[in-house]
Each structure stands twice: as C-alpha cells, then as structure tokens.
Amino acid sequence: MVKSLSSSLGLLLLLLSAYYFSRPAIAPVGLADAMLTNIWLPTALMALCTGALLASSGFLIQNSLDNDFASPSTLGIAAGALLGAVLVRVIVPEANLQLVWMGALVGGLLLSLAVLAVSQLIGGGKLPVVLIGMALGLSAGALSSLFMLYFENQTDGLFLWGSGQVLQTNPEVLKQTVLPMLAFLALSLLVLPKLALFLLGDTNAAALGLAVKPWRWTILLLAIGQAALATSIVGMISFVGLMAPHLTRLVLRLAKGENNNVALQWLVTVIIGAALVLAAEWCSRSLLFLGYRLPTGAFTALLGAPYFVFLLFQRSGKALAAVESQNIGLTPIIHARPRVVLASLCALLGLSLFFCLRSPQDVGAIWVNQRVLLAGLGGFGLACAGTLLQTLFKNPMASPDISGVSAVAVLLISVVLVYFPAANQWQLTLAALVGGSLVIGLLSWGLKQQLSVAQLALFGIVITAFAGTATQILLTFGSSTASVTMMWLAGTTYGATFDRIIPIASVIALCLVAIIPLLRQLDLMSLGEVIPKTLGLALQRQRYLLLAISAVLTAICVSSIGAISFIGLLAPHCARLLGLYRHKHLLPASGITGAILLIWADRLGRELMAPNEIPAGLMVSVIGSIYFILLLLLSYRNRV
C-alpha cells in the first residue's frame, strides 16, 4: 500500500512543483503575486478537485457496471451538461453562474440516466451502453451547436467552456464550489464497502445479503452526480474517468498484489485523475508564449482517444467480440420487385427536385438550384460510400462519418487550409482522400484483429472524437481560416458553385463506372469469406479496389459539402428495409435515398429559421443519432 500511494502522490507533487515553478515570469513583483494568488493557485486547486471527481466517477461506474469501457465521457454526461447549460442561457439570457451550473448538472444527469435506461431496454451489454452513450452524446452535441449558432449573444463563452476550461480568473468560483466537490468525493467513502461486494459478481454479492439493483443505482447516481458537478464547473474534460481507473490497475499491478483493496484503488484513482487534469492544464498554460491558450479538455481528448483505442485492442477488449453480437440484422418492412422500388425512389427524387428547385425567374434561383444539385450529388456519393463500407466490413454500422473517415478528411482539409489558404477544390479533395484512406486502412487492420461490429463502431467514433479535437486546435492556431473550416465541420451547401458541382459529378460518375463490373463480387463479399473461397474466387484485389473507391467518394463529398453525418448510415439501411439486397439494386437505391435525404435536409435548414440558416449537417445529425439509437434497440433486442 505504501509503495503505490507514495508513487502516485510523488507524481502529483512533482506535477504541482512543475506547475508552480514554470508559471509565466512577470516583472512587477506585486502583479506576479496577485496572479499567483488569484489565478494560478485557484486554477491548480480546481484542476485537482475536478480531476479527482471525474476519476472517482469513472471508478464507481466501471466497477458497479463491471464495464472497463464505461466512463463519464462514454455515458454522455459531458454532452448533456453542455446542452443543459446552453438551454439555460437561451431561455434565461441573464442567468447567473449558479443557474448555468444547475442547468449543466441537470442536463448531465438526465442524459446519462437516459443512456442507462436505454441500455437496460436492450438487456445490458458492455459495448452497447457505450455506443448508446456516444450516440446520444453526438445528438446532444449537435443540438448544442445549433443553439450556440443561432443564439450567439446569449451563449457567449459557452463554446470555450464546452471544450473544457479549467483556468480560473476569479477565486470566488473556487470558494463557491470547493465544498460541494469535497462533499461529493467524501460520499464515495460511504459506498466503497458495498462496491467491494460488486467485485465478487452479482450472484455472490446477493448471496452475501447485498441488494444488488438498488445499490447499483445508488452508486451510479453518485458517480453521475460527481461527473455532472465537475463538468458543470469546468466544461467537458474528456476521458479522465476512463484513463484513471486503468492507470490505477497498472500501478497496483506493478506494486504486486495490492489490487484487491477497493479503498486503495479508489484513493490512487482519485490521485491519478487529479494529476491528469493538472498535467493537461499545465500543457495548456505552456502554450501562452505562442499567444494561444488551448482548452484543457483538448489535451485530455488527444491523450484519451488513443488510449481508448488501445483498450479495444487489448485482450480484455478482444474478449468482448466472443460475447457481443456480431450481426445487426435489418428485417425488410415491404416486399416488392426491385424495379418497382427503384422506380418509386426515382419518382420521389423527381418530386423532391420539383419542390426544391426554383424557377429561373426567382431572385437567387441560380444559387439555390446549385445548392440543391450539390446536396443531391453529395447525398448520393456519401450513401454509395456507406453501402460499400457496410458490405466490405460486413458491419451494418459502418459509414463514412461513424467510421471516422469524414472527420479525418476534414482534419486534413483543415491542415491544408491553415498552410495554403488559397487551396483549390482538387487540392482539398486530395487532402480528404489521404485522410479517408488512412482511416479505412486502420479499419481494415481492426477487422483483421477480429474486432466485433460494436467494437469497430466504437473504434470509428473514437477516431472521430480525436480528429474533431485536433481540428478544433487547428481552428485556434489558424484563426484566419477558421470560418472556412467551420463550414466543413458543420456540413453545408452554402458555398455551392458550378466549380464544385462539376468535379463531384465527374468523380461520382467515374466511381460508378468502376463499380459496375464489381457488383457480382460485392454480392459474394456480403456472404462472408468461406463461400467465395469454396467457389475458387480470390476477392482480395477487388476488395482493395472497392475500399479505394469508397475513399474517393468520401473525399470528393467531404471536400465539397463538409462532414455531413449519418447519410452514409441511414440511406443503405433504408434501401435494405425496402427489401433490396443485390448490389445492382441496393447501390442505386441507397444513392437515390441519400440524395433525397440531403436535399430535404438542406431545404429545411434554409427555411425553418429563415432568414437564419441551419447547416444541413446539423439537421441530419439530430435525425441520424436518433435512428442510430433505434437501430441499436432493435438489433440487440432481437438477440433475446
């Protein structure tokens, strides 16, 4: 016990010393002392307290659910807290700090409870609860972005807070919050004896007289309260609650045989969590010499996302592939001839164009019609890319956005815009192609590692989180191109011109020509690996060619309309629900469905809050994340 405690405390003291002695030098002694008293010390104490709360929350969640992947970040607490704070500022523009905190606290509690409730509906499972948390978090994040976009004055300052801002410029905030934070931490000590029984398993715990379900909910409510309180004060500090318990197990394992003491595990976890947030804050402050200060949460996300991927590929992560469902089936809702279905979809597309295109005599008709055409082409391309990815990875939850392909493509576009602001359409497409290809390569590697369907989806979501954080950092450092990059982040057809329409139409046409000879091979790939090999067919070369085509389709669409979410997931599922399976029918049906969805999303975005505009990407994100949850509910429910 002495060894593990001393090592963790030694690390924390070392970080405190480094934070203290590396503070920026200021010539007037009085001003330096004032900054130390009013800024640096309160910031360090806030980092320690919030890090301890998040780590304690992660420890309680993981042990009560027996789920190493669960944490405040993966249960959607942070995203719920941000949405709650935004709603308070929108409804009560003059709300004081305490009211905003209360809104964030309630928002985090409600969303995390919704995640747990939905996971219970599908019968539990270690990976589904994390998938649901991240999906609901995406939906809440899209709603928050929407409100912050159109209520800019009321929500001023919440964007930075939402990224995780530990810096304190007023010691009064710490004075008001330190007692509640310490009280929530102290409450953990009361439930640790019960938590120790959970480590024996539910059956053994019940045999020893523990009321398993009431105590599990009690511990979870305490953990959610801890994380929601920390998030309401400093914003979204991601992955601390995930990393700290795992690092604790590593420390105790190195200390040989001390890992059965729950109180010791909790104490070391709290110390490590405090050290993680303090280290992230120190990194944030260290960039002041560049004239920038990144949010603390950016550093924890950059560190935590790769760590989450590392966990997926560990032995305990791979073991879940044996117990989690490998297939998420979709039962057709109608049975009709493929030609009838395709003809009906073409008629719907024609009606959509009829209602959305404007007469040439109308004011602004050329620009609106260009947007409609670009939306249709972008939706078609993303839907085709999603269909290919779902077949090639044999994963119904694969799509350019959920798999992380779109997010990394946007990241590479951002890099190009920072260094070459005058880059043309083809240069941006090439950058997006490089980013998309990298992710597709990673996913192919993950498939070879025998990750399950749910694990591959998580892999993609974490890649998306990592790329999104990196893009936000680039927005900070490349402020001159921030507005252009934000367009790609939101996903919009606002910049539609014929200079964008012609390249995307040409590339999609070429890709379709390349796919036509491979339609039969696509049908065989969907049957698995055994049947094609039995027939003596080697499909490896065709698989790589189709992966390249999906990367090209994603790249041209992202470089033209931005990171539009869920079209690549929704459209192929809609086509399958219409009873289409063979790719000569499935691919065009998916493309047409994607075009229809994005055309109407773009029109609704233009007209719902006119003269203001909702980016099409945000419209689709809200709808798509709800569908994602329904898909999980139906598919995992079908196992029972």
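Residues numbered from 1 in each chain as written. Predicted model: local features only at pLDDT ≥ 70, side-chain atom pairs only at ≥ 80, totals over all residues. Heavy atoms only, no water.

## Focus: the overall build of the protein chain
Each helix and strand counted, the protein chain has 26 helices and 0 strands in total. Per-residue burial over the protein chain gives 57% buried out of 640 residues. Considering only intrachain contacts with a sequence separation of at least 6, the fraction spanning at least 24 residues in the protein chain is 82%. Accessible surface computed for the protein chain: about 26700 Å², of which carbon and sulfur atoms make up 69%. (Helix = DSSP H or I, 4+ residues; strand = E, 2+ residues; numbered from the N terminus. Buried < 20%, exposed > 50% of the residue type's maximum accessible area, 1.4 Å probe, protein only. Contact = heavy atoms within 4.5 Å. Areas by Shrake-Rupley, 256 points an atom, 1.4 Å probe, with all protein chains shown as cover.)

## Observations regarding the pattern of salt bridges
All chains considered together, the criterion is met by 4 salt bridges. Two residues, Glu 172 and Lys 175, come together in a salt bridge whose shortest N-O distance is 3.5 Å. Highlighted residues: Glu 172 and Lys 175, both in helix α7 (residues 171–198), separated by 3 residues, approximately one helical turn. By relative accessible area, Glu 172 is classed as partly exposed at 37%. You can call Lys 175 exposed: its relative accessible area is 57%. (Salt bridge = Lys/Arg side-chain N within 4 Å of Asp/Glu carboxyl O.)

## Digging into the confidence of the model for the protein chain
On average, residues of the protein chain score 77 in pLDDT, and 79% of them are at 70 or above. Long-range and interchain partners of residues 315–328, a stretch whose pLDDT sits below 50, account for 36 contacts in this model, where long-range means more than four residues apart. (pLDDT = per-residue confidence, 0-100.)

## Quick look at the packing of helix α15 (residues 365–392) against helix α20 (residues 498–515)
Between α15 and α20, the shortest axis-to-axis distance is 10 Å and the interhelical angle comes to 30°. The orientation of α15 relative to α20 falls into the category roughly parallel. Between α15 and α20 the crossing geometry is left-handed. Residues Gln 370, Leu 373, Leu 374, Leu 377, Gly 378, Phe 380, Gly 381, Cys 384 and Leu 388 of α15 touch α20, and the partners they reach there are Phe 498, Arg 500, Ile 501, Ile 504, Ala 505, Ile 508, Leu 512 and Ile 515. Classifying every residue of the contact of α15 with α20 by side-chain character gives 13 nonpolar, 3 polar and 1 charged. (Axes fitted to C-alpha atoms, helices over the stretch in contact; angles between N-to-C directions. Parallel < 35°, antiparallel > 145°, perpendicular 65-115°, else oblique. Left-handed = near helix turned anticlockwise from the far one by under 90°. Nonpolar A, V, L, I, M, F, W, Y, C, P; charged D, E, K, R; others polar.)

## Thoughts on a nonpolar patch on the surface
On the surface, Leu 87, Ile 91, Val 92, Leu 99, Met 102, Val 106 and Leu 110 cluster together into a nonpolar patch covering about 610 Å² of accessible area. For the nonpolar patch, the elements supplying multiple residues, two or more each, are α3 (77–91) and α4 (97–121). Take the nonpolar patch: its biggest share by element is 4 residues, from α4. You can call Leu 99 partly exposed: its relative accessible area is 38%. (Patch = residues over 30% accessible without salt bridge, like charges linked within 9 Å, V, L, I, M, F, W, Y side chains within 5 Å.)

## Some remarks on helix α16 (residues 405–419)
Between its first and last C-alpha, α16 extends 22 Å over 15 residues, near the 21 Å set by a 1.5 Å rise per residue. Burial within α16 is extensive, with 11 of its 15 residues counted as buried. Among the residues making up α16, those that are buried are Val 405, Ser 406, Ala 407, Val 408, Ala 409, Val 410, Leu 411, Ile 413, Ser 414, Val 416 and Leu 417. (Expected span 1.5 Å × (residues − 1).)

## Regarding the packing of aromatic side chains
Applying the stated rule across the entire model yields 1 aromatic pair. With a centroid separation of 5.4 Å and an interplanar angle of 75°, the aromatic rings of Phe 354 and Phe 355 are classed as edge-to-face. Residue classification places Phe 355 among the partly exposed positions, given a relative accessible area of 49%. (Phe/Tyr/Trp six-rings, centres within 6.5 Å; stacked < 30°, edge-to-face > 60°.)

## Observations concerning the nonpolar core
Core analysis: the largest hydrophobic core is formed by 159 residues, its most contacted members being Leu 388, Leu 546 and Leu 598. It is helix α2 (residues 29–65) that contributes the most residues to this core, 15 residues altogether. Sequence-distant contacts of Leu 546, defined by excluding residues within four places in its chain, comprise Leu 388, Leu 392, Ile 515, Leu 518, Leu 522 and Met 525. Core analysis: the next-biggest nonpolar cluster, separate from the first, contains 12 residues, Ala 409, Ile 413, Val 416 and Ala 563 among them. (Core = buried A, V, L, I, M, F, W, Y, C linked by side-chain atoms within 4.5 Å.)

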